[in-house]
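# Structural description and commentary
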Amino acid sequence: MNTRMNTRYKITRHDEEGNPTLSLQECQNFFATKSDFEYRDYYSVTQDGVNMKINGYFFMWHIEGLEIPFRFYENELYVAVSHPAVMDKTKEVARGLEANYIEG
């Protein structure tokens, strides 16, 4: 059993007052140009026969048969980095959105 926690990052951009400024529409427009992403209004995961569904705004990155959720929440994007490829994609997305990525 792997008990290692994934590091969570957020992709964010702030105004002069420190408020996050990414918009859902901006993210939808950005990810619509990326063929390896799919937008969903939920994230579903099944483990040990139990299915959990979380409603929200998710941009699902497809890589090697896996789906990695980038979740838009309160004007920021969140992603759990479980593999170096996810960190590379996080950096790429942050650059594309002219935003920063920080642990948190």
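Before going into details, it helps to say that this report is about the structure given with it. Throughout this document, residue positions are counted from 1 along each chain, in the order its sequence is written. For a predicted model such as this one, the threshold for reporting local features is a pLDDT of at least 70, and the threshold for listing and counting side-chain atom pairs is 80 or more; totals across whole chains, interfaces and linings nevertheless cover every residue. Remark: hydrogens and water are excluded; side-chain values derive from all non-hydrogen atoms of the structure.

### As for the overall build of the protein chain
Secondary structure counts use DSSP, requiring at least four H or I residues in a row for a helix and at least two E residues in a row for a strand, with both numbered from the N terminus. Helices and strands together make up the secondary structure of the protein chain, namely two helices and six strands. In sequence order, the protein chain lays out its α and β elements as β-α-β-β-β-β-α-β. For a compact globule the rule gives 2.2 Å times the number of residues to the power 0.38, and the radius of gyration it is set against comes from C-alpha atoms. For the protein chain, the C-alpha radius of gyration of 14 Å lies close to 13 Å, the compact-globule estimate for 104 residues. Taking the principal axes of its C-alpha atoms as reference, the protein chain extends roughly 45 × 25 × 25 Å.

### Some details on the pairing of strand β3 (residues 50–63)
Any two strands with at least two DSSP-identified bridges between them are counted as paired. With ten bridges connecting them, strand β2 (residues 37–47) and β3 associate as antiparallel partners. Its bridge partner lying in β3, R40 is registered against F58. From the end of β2 to the start of β3, which pair antiparallel, there are two residues, and D48 there has a positive phi angle of about 55 degrees.

### So, the environment of R8
Residue placement: R8 occurs in strand β1 (residues 7–12). Put simply, R8 and E64 are 56 residues apart on the chain and 21 Å apart in space, counted from C-alpha to C-alpha. In this analysis, two residues are considered to be in contact whenever any of their non-hydrogen atoms come within 4.5 Å of each other. Not counting residues up to four positions away in its chain, the partners in contact with R8 are Y78, V79, A80, I102, E103 and G104. One polar contact links the side chain of R8 to the main-chain carbonyl oxygen of G104, over a distance of 2.7 Å. Two N or O atoms form a polar contact when they lie within 3.5 Å of each other; inside protein one atom must be a possible hydrogen donor and the other a possible acceptor, and for residues adjacent in sequence the pair counts only when both atoms belong to side chains.

### With respect to the pattern of salt bridges
Salt bridges are defined by distance alone: a side-chain nitrogen of Lys or Arg within 4 Å of a carboxyl oxygen of Asp or Glu. As enumerated under the stated definition, the model contains six salt bridges in all. Across the pair D36 and K89 runs a salt bridge, and its minimum N-O distance is 3.0 Å. Note that D36 is positioned in the loop between α1 (24–32) and β2 and K89 in helix α2 (residues 84–96), a separation of 53 residues in sequence. Linking E38 and R40 is a salt bridge whose minimum nitrogen-to-oxygen distance equals 3.4 Å.

### Points about α2
The span expected for a helix works out to 1.5 Å for each residue beyond the first. An ideal rise of 1.5 Å per residue puts 18 Å on 13 residues; α2 measures up with 19 Å between its terminal C-alpha atoms. To sort residues, take the accessible area from a 1.4 Å probe on protein chains only and compare it with the maximum for the residue type: under 20% means buried, over 50% means exposed, and anything in between is partly exposed. Residues of α2 that are buried include every one of V86, M87, K89, T90, V93 and A94, and no others. End-on view of α2: buried residues confined to an arc of 165 degrees, all on one side of the axis. α2 presents P84 and R95 as exposed residues on the side facing more than 90 degrees away from its buried surface. In the stretch just after α2, E98 is the one whose phi turns positive, near 50 degrees. Throughout, the arc means the angular range of directions from the helix axis out to the C-beta atoms.

### Structural notes on the packing of aromatic side chains
Put simply, two rings from Phe, Tyr or Trp (the six-membered ring, in Trp's case) pair if the centres are within 6.5 Å, and we call them stacked under 30 degrees between planes, edge-to-face over 60, tilted for the rest. Using the criterion set out here, one finds ten aromatic pairs in the structure. Both rings, one in F31 and one in F70, keep their centres 6.4 Å apart while their planes meet at 50 degrees; by these two values the pair is tilted. A residue pair is termed long-range when its members are at least 10 positions apart, and F31 in helix α1 and F70 in strand β4 (residues 66–73) qualify at 39 residues. Consider the rings of Y57 and F72, whose centres lie 6.4 Å apart with planes at 70 degrees: the pair is edge-to-face. A residue pair is termed long-range when its members are at least 10 positions apart, and Y57 in strand β3 and F72 in strand β4 qualify at 15 residues. Judged by its relative accessible area of 8%, F72 is buried. Taking NZ or CZ as reference, K53 lies 4.9 Å from the ring centre of Y42, over its face. Geometrically, a charge over a ring is one whose NZ (Lys) or CZ (Arg) sits within 6 Å of the ring centre while staying within 35 degrees of the ring normal.

Keep in mind that these numbers describe shape and distance, not what the molecule does.
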